[in-house]
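Coordinate inspection notes
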Amino acid sequence: MPEAVSIRITVNGVTYERSVEPRLLLSDFLRGELGLTGTHVGCEHGVCGACTVLVNGDSARSCLFLAAQLDGAEVKTVEGLGTAQAMSPVQKAFHECHALQCGFCTPGMLITTMDILSKFPDADDEQIREGLSGNLCRCTGYQNIVRAVRMAADNIKAQAQEEAAS
Ligand code: FES
Ligand code: FES
């Protein structure tokens, strides 16, 4: 059996030190070790996008990373976005646009939206569709998801203005 590897990883602002098997996937680490089951696992080979998280600010498929590779990294999962009582601007937009049906793809869509809008705050429909193209929705609710990303961009700007004014 390969030797365990020690890692120090920050997830949603909390730093964890753990000893992990070298082959443990990041997705299994998040779900199994940390109990962050909001990160969903669909295809397990990098196709569906359900397992998307932010690694050092960029979207990444957690089923394609080994936890051992992420020593020193900062990870954000859907649990780090907000709560039901205090939703983030992106979560609010998905809620208001009814941008989910079964919800299986939603954590990955929310995180990917964060990534798109961090790079293109004024993303047009083409950029939004391109940005979401690696995330599959089995319920095919893409129209409302695109609307939600547009609304999320507005929500983020409004929140920034409110914060600047306060
Ligand atoms: S579970 Fe990772 S991309 Fe599908
Ligand atoms: S809402 Fe069901 S998979 Fe997207």
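The shown structure was predicted, so the numbers you read here are calculated from the model rather than taken from an experiment.

**Overview of the sheet that holds strand β1 (residues 5-11)**
Sheet strands associate in pairs through backbone hydrogen bonding, adopting either a parallel or an antiparallel arrangement. Pairing is mixed in the open sheet, where five strands are placed in the order β2-β1-β5-β3-β4. Of all strands in the sheet, those bounded by a partner on one side alone are β2 (14-20) and β4 (58-61). Between one strand axis and the next, the sheet turns through 40° on average, direction left out of account. The sheet contact formed by strand β3 (residues 52-55) and strand β5 (residues 74-76) spans two bridges and is antiparallel.

**Examining the nonpolar core**
Membership of the largest hydrophobic core comes to 43 residues, with the highest contact counts inside it found for Ala67, Leu110 and Val149. A per-element tally of this core places helix α3 (residues 106-119) first, with six residues. Beyond its immediate chain neighbours, meaning those up to four positions away, valine 149 contacts Thr113, Ile116, Ala123 and Ile128.

**Side note on helix α1 (residues 26-33)**
All buried positions along α1 are accounted for by Leu26, Ser27, Asp28, Phe29 and Leu30. Close packing links the buried residues of α1 with β1 and β2. Following α1 by one or two positions, glycine 35 adopts a phi angle in the positive range, close to 70°.

**Some remarks on the pairing of β1**
With seven bridges joining them, β1 and β2 adopt antiparallel strand pairing. Of the residues in β2, the one forming a bridge with isoleucine 9 is tyrosine 16. Pairing analysis gives two bridges linking β1 to β5, with the strands arranged parallel. Paired with threonine 10 across the strands is glutamate 74, a residue of β5.

**Some details on helix α2 (residues 89-96)**
In an α-helix, one full turn covers 3.6 residues, which means residues spaced three or four apart are oriented alike. Every buried residue of α2 is accounted for by Pro89, Val90, Gln91, Ala93 and Phe94. Where the residues of α2 are buried, they touch α3 and α5 (142-165). Looking one or two residues past α2, histidine 98 carries a phi angle of roughly 50°, positive in sign.

**A short note on the environment of leucine 70**
Turning to its location among the elements, leucine 70 is positioned in the loop between β4 and β5. Sequence spacing of leucine 70 and leucine 26 is 44 residues, and the spatial spacing of their C-alpha atoms is 8.3 Å. The contacts of leucine 70, once residues within four sequence positions are left out, are Ile7, Ile9, Leu26, Val55, Phe65 and Val75.

**Looking at the domain arrangement of the protein chain**
Segmentation of the protein chain into domains returns domain 1 (5-80) and domain 2 (89-161). Facing 14 residues of domain 1, the contacting portion of domain 2 comprises 13 residues. The set of elements that each furnish at least two residues to the side of domain 1 that touches domain 2 consists of β3 and β4. Top element by residues in the side of domain 1 that touches domain 2 is β3. It accounts for three residues.

Calculation rules
- Residues numbered from 1 in each chain as written.
- Chains lettered and ligands numbered in written order.
- Predicted model: local features only at pLDDT ≥ 70, side-chain atom pairs only at ≥ 80, totals over all residues.
- Pairing = 2+ DSSP bridges.
- Helix = DSSP H or I, 4+ residues; strand = E, 2+ residues; numbered from the N terminus.
- Axes fitted to C-alpha atoms, helices over the stretch in contact; angles between N-to-C directions.
- Core = buried A, V, L, I, M, F, W, Y, C linked by C-beta atoms within 7 Å.
- Buried ≥ 20, exposed ≤ 12 C-beta atoms within 10 Å, placed from the backbone.
- Contact = placed C-beta atoms within 7 Å.
- Domains from an automatic or database assignment.

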